[in-house]
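# Working through the structure, step by step
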Amino acid sequence: MRLLPWTGADGKACYLSTDDPGSLLSRLADDVEAAQLASAETVLAGSNAVLHDPEAGERAVRFALTRAVESLGDVLRIAVSREGGRGGIDVKKE
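Note that the structure is predicted; figures quoted are calculated from it, not measured.

Here we come to helix H1 (residues 24-51). The terminal C-alpha atoms of H1 lie 40 Å apart, and with 28 residues this matches the ideal 40 Å at 1.5 Å per residue to within 8%. Inspection of H1 places Ser26, Ala29, Glu33, Gln36, Ala40, Val43, Ser47 and Val50 among the buried residues, and these make up the whole buried set. Where H1 is buried, its residues meet strand S1 (2-7), strand S2 (13-16) and helix H2 (58-82).

Take a look at the structure:
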């Protein structure tokens, strides 16, 4: 079972059961994960810039932290998925 990089309408985790890593849904999940990782790199760079800017205000810091938390959740979901769902990481989004 593969943990997919999105949740259902009810907020619960979605899983894929297939032996075909080239299936349409597997490839879609791979593409979404790649986009999430690329986004996380951008968020990391932006957050780093905000943290090193002594002029950054509260709104900028809150925005950077919010985006960083979202990206961290995505990256943890990908890590759990790639290790086969083992481990005790809870990737629920609050």
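The next point concerns the side chain of serine 47. Within the secondary structure, serine 47 is located in helix H1. The contacts of serine 47, once residues within four sequence positions are left out, are Ala64 and Ala68.

Residues lying three or four places apart along an α-helix face the same way, a consequence of the helix completing one turn every 3.6 residues. The end-to-end C-alpha separation of H2 is 36 Å, in line with the 36 Å expected for 25 residues at 1.5 Å each. The complete set of buried residues in H2 reads Ala64, Ser71, Gly73, Asp74, Arg77, Ile78, Val80 and Ser81. Buried residues in H2 make contact with S1, S2 and H1. A positive backbone phi angle near 85° is found at glycine 84, which sits one or two residues after H2.

Tallying each qualifying case throughout the model produces five salt bridges. Arginine 67 is paired through a salt bridge with glutamate 70; the nearest N and O atoms lie 2.8 Å apart. Here glutamate 70 and arginine 67 lie together in helix H2, a separation of three residues that amounts to about one turn. Arginine 67 gets classed as partly exposed once you look at its relative accessible area, which sits at 26%. A relative accessible area of 36% means that glutamate 70 is categorised as partly exposed.

Turning to the environment of leucine 44, a few remarks are in order. The residue leucine 44 is located in helix H1 in this model. Linking leucine 44 and leucine 72, residues 28 residues apart in sequence, is a C-alpha distance of 9.7 Å.

Another aspect to go through is the packing of H1 against H2. Between two packed helices, what matters for the description is the angle formed by their axes and the separation of those axes. At a minimum axis distance of 9 Å, the contact between H1 and H2 shows a crossing angle of 145°. When the axes of H1 and H2 are compared, the crossing they make is left-handed. Between H1, through Glu33, Gln36, Leu37, Ser39, Ala40, Val43, Ser47 and Val50, and H2, the contact on the second element is made entirely by Ala60, Val61, Ala64, Arg67, Ala68, Ser71, Asp74, Val75, Ile78, Ser81 and Arg82. Split by residue class, the contact of H1 with H2 holds ten nonpolar, five polar and four charged.

Definitions and cut-offs
- Residues numbered from 1 in each chain as written.
- Predicted model: local features only at pLDDT ≥ 70, side-chain atom pairs only at ≥ 80, totals over all residues.
- Heavy atoms only, no water.
- Helix = DSSP H or I, 4+ residues; strand = E, 2+ residues; numbered from the N terminus.
- Expected span 1.5 Å × (residues − 1).
- Buried < 20%, exposed > 50% of the residue type's maximum accessible area, 1.4 Å probe, protein only.
- Contact = heavy atoms within 4.5 Å.
- Salt bridge = Lys/Arg side-chain N within 4 Å of Asp/Glu carboxyl O.
- Axes fitted to C-alpha atoms, helices over the stretch in contact; angles between N-to-C directions.
- Left-handed = near helix turned anticlockwise from the far one by under 90°.
- Nonpolar A, V, L, I, M, F, W, Y, C, P; charged D, E, K, R; others polar.

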